[in-house]
Amino acid sequence: MRVNPVLLALLAGVLGLVVGVFGVLAYAASQRQRRELAEISEPTVPEGAAEVLGVIGRAYIVADAIDGVVRASPGAYAFGLVRGHTIMNDRLLEICARVRRDGVIEEARLELPRGPLGEGSLILQVRVATVGEEYVLILADDRTEITRTEEVRNDFVANVSHELKTPVGAISLLSEALHDAAGDEEAVRRFAGRMHRESTRLTALVQDIIELSRLQSTDIVDRAKPVDVNRILEDAVEANRLNAENKDIEVILGGRSDAAVYGDAPMLTTAFRNLIDNAIRYSPAGSRVGIGLQSRNGMAQVAVTDQGPGIAPEEQERVFERFYRIDSARSRHTGGTGLGLSIVKHVVANHGGEVDLWSRPGHGSTFTVRLPEMDPADIRESKQGVPA
């Protein structure tokens, strides 16, 4: 039987067409499978979640089942929690693992270095929870400033309690001794004198604590006006006149500034009074305390120089701390509370200025305050005017 050649050619063509169609279908199925695998390997945040995360006001990280970062806020990178698509904190990875395993929301506090150098650190409060079946959400809140403020407040309360305990206890013991020595006139005079010194110290301490608390709760913007620095310094010197005369110390005020500063006159007077008082306390009897005022580069510059024992370099950074005393025994003798320089620094900072210290042991100390001066045009337009 002979096969028609035309029929054979037709059958071959049909067979080739069928094979081609199957090839095209197989290629399309392969491409579709590849796209599906690619979509699976690149997880994304569920629809709408990104918009919600954008308004929560915290740094956030969304991680997948293998701790790969799917999405993270700029804050998470700034804190150093994320680099590329990787979570960099080991403790945070441990928390994520527990949350996936137990399904329970966890909170923790992390302390992170600010950078590769220095001792600065960040305090972060983190909250970790599961989202859906495969994601973990990490929220991070910067608590550094709040933590620092709480520590300062706690230290202040502890220091105040300690500082008050000493004179109060001394007065209590002296009153008992005074009662027991009622028949001894010389002992009565001696104990009474010591009670007077301790009560004076206690009064000064309470006044400084009240003053510092008032300064911290006062906004100078509401009370500020053009202030004549020349008049402020004259008042501060006069307030210390008696203390200087008692130690036979000459206080010399020199220089002048024709520009005013914008601020609160009573607060500035308190700051300079404390600065001059500190110089008098630590200067030897019969010496001098110099106060110089000048205008330089738009700043009113006040330098207070004493002839005291000087301050060692390692102590100079701490002299502005509350209740810090270089020599506690000498401070008790001079009657210092340890708050005077802290008040000075706080007032000057509130007025947009700065205070620094130059000192060498055996050569005295110079405290320099710089305050921004007002433009003459602003003074003319001020309704308050410069105090007479």
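Remember, it's a predicted structure, so these values are computed and weren't measured experimentally.

Below, the discussion takes up the sheet that holds strand E6 (residues 121–131). Ordered in space as E2-E1-E7-E6-E5, the five strands form an open sheet in which the pairing is antiparallel. Edge positions in the sheet fall to strand E2 (69–72) and strand E5 (106–113), since each of these pairs with one other strand and no more. Each neighbouring strand pair of the sheet contributes to a mean axis angle of 25°, computed without reference to strand direction. When strand E1 (residues 59–63) meets E2, the two strands line up antiparallel, connected through three bridges. If you follow alanine 63 over to E2, its bridge partner there is valine 69.

For the protein chain, the mean per-residue pLDDT works out to 77, and 68% of the residues sit at or above 70. Within the protein chain, helix H11 (residues 328–334) has the poorest average pLDDT of any element, 47, and strand E12 (residues 299–305) the best, 94. A low-confidence stretch, residues 37–42 stays under pLDDT 50, and its non-local contacts, those more than four residues away or across chains, total zero contacts. For residues 381–388, every residue scores under 50 in pLDDT, and the model assigns this stretch 13 contacts once sequence neighbours within four places are set aside.

What follows concerns the packing of helix H9 (residues 265–281) against helix H12 (residues 340–350). Remark: H9 packs on H12, axes separated minimally by 9 Å, with the N-to-C direction vectors making an angle of 145°. Classified by chirality, the crossing of H12 by H9 is left-handed. In contact with Met267, Leu268, Thr270, Ala271, Asn274, Leu275 and Asn278 of H9, H12 contributes Gly340, Leu341, Ile343, Val344, Val347 and Asn350. Class assignment for the residues of the contact of H9 with H12 results in eight nonpolar, five polar and no charged.

Rules used in this analysis
- Residues numbered from 1 in each chain as written.
- Predicted model: local features only at pLDDT ≥ 70, side-chain atom pairs only at ≥ 80, totals over all residues.
- Heavy atoms only, no water.
- Pairing = 2+ DSSP bridges.
- Helix = DSSP H or I, 4+ residues; strand = E, 2+ residues; numbered from the N terminus.
- Axes fitted to C-alpha atoms, helices over the stretch in contact; angles between N-to-C directions.
- pLDDT = per-residue confidence, 0-100.
- Contact = heavy atoms within 4.5 Å.
- Left-handed = near helix turned anticlockwise from the far one by under 90°.
- Nonpolar A, V, L, I, M, F, W, Y, C, P; charged D, E, K, R; others polar.

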